[in-house]
Amino acid sequence: MIEYIVPGNIDHRILAKASALLQEGGTLALPTDTSWSVVCSMNSREGIKKLKALSKEKNERLFTLLCSDISQFGEFCSLDNTRFRLIKRLTPGPYVFILKTLLGTEKALGLRRREVGVRLPDYPVPLALIDFLGCPLYGITAKRTMSHNNEYFDDDPEDEEGFSAFYREETLFDGGWELEDIQGLDLVLDPGEERSRIFSTVLDLGNPEVEVLRQGAGPWPV
């Protein structure tokens, strides 16, 4: 099902519908400042289970908490002044930050390791939904390998962290209508225009030195 939206002025009825769906364990696709993402509510165990199943992805490092404010990072992750200042410089924008989780976060998300990627996208659709829902979204980049009509094979070489060494833009979606082929997806929030097919830059902040796990749209170093 597709709901067409105006990114700068999203109908509250659509936000209410999307929020209720997520609270009930559903999943939906939405545009971000990079490409399309498939998300669920981080507070829904059923939604997280469903997201992992339809994504066909076992590597939990590829899943991300989407937040609407940096303060939310500190609710779920360890965030000292040095890391806070760096994140503040780079957000909102096309970056994922790998941080150590606080006690309980890994249990809530079903994580096997005490770390998670967090992101503050520079696009109104996910921000509006997060604020309406009242909690972060848990999501993963939408790729054509999720579609039952998939003609693409995710055979890029991967490094030891699980991020593609050579990511391919052709594995990403353009328009919202294409995501209806993802079996198990409940809703697509579509701005009615094609989105950019780019990846975010992934920075591991778990150690004193910043490590680039994937170079994407966000420049590094800055």
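Up top is the structure.
Caption draft 1: Structural view of helix H4 (residues 81-90). Every buried residue belonging to H4 is among Leu86, Ile87 and Leu90, and all of these are buried. Buried positions in H4, seen along its axis, are confined to an arc of 95 degrees and lie on one side of it. Residues of H4 that are exposed and point more than 90 degrees away from the buried face comprise Asn81, Arg85, Lys88 and Arg89. On its buried side, H4 packs onto helix H3 (70-76), strand S5 (95-100) and strand S9 (201-204).

Caption draft 2: Fine view of the environment of Asp186. Within the element layout of this structure, Asp186 appears in the loop between strand S7 (137-141) and strand S8 (187-190). On the basis of relative accessible area, Asp186 is assigned to the partly exposed category, the value being 28%. Sequence separation between Asp186 and Leu86 is 100 residues; the distance between their C-alpha atoms is 36 Å. In contact with Asp186, not counting residues within four places along its chain, are Met1, Leu21, Gly26, Thr27 and Lys50.

Calculation rules
- Residues numbered from 1 in each chain as written.
- Predicted model: local features only at pLDDT ≥ 70, side-chain atom pairs only at ≥ 80, totals over all residues.
- Heavy atoms only, no water.
- Buried < 20%, exposed > 50% of the residue type's maximum accessible area, 1.4 Å probe, protein only.
- Helix = DSSP H or I, 4+ residues; strand = E, 2+ residues; numbered from the N terminus.
- Arc of directions from axis to C-beta.
- Contact = heavy atoms within 4.5 Å.

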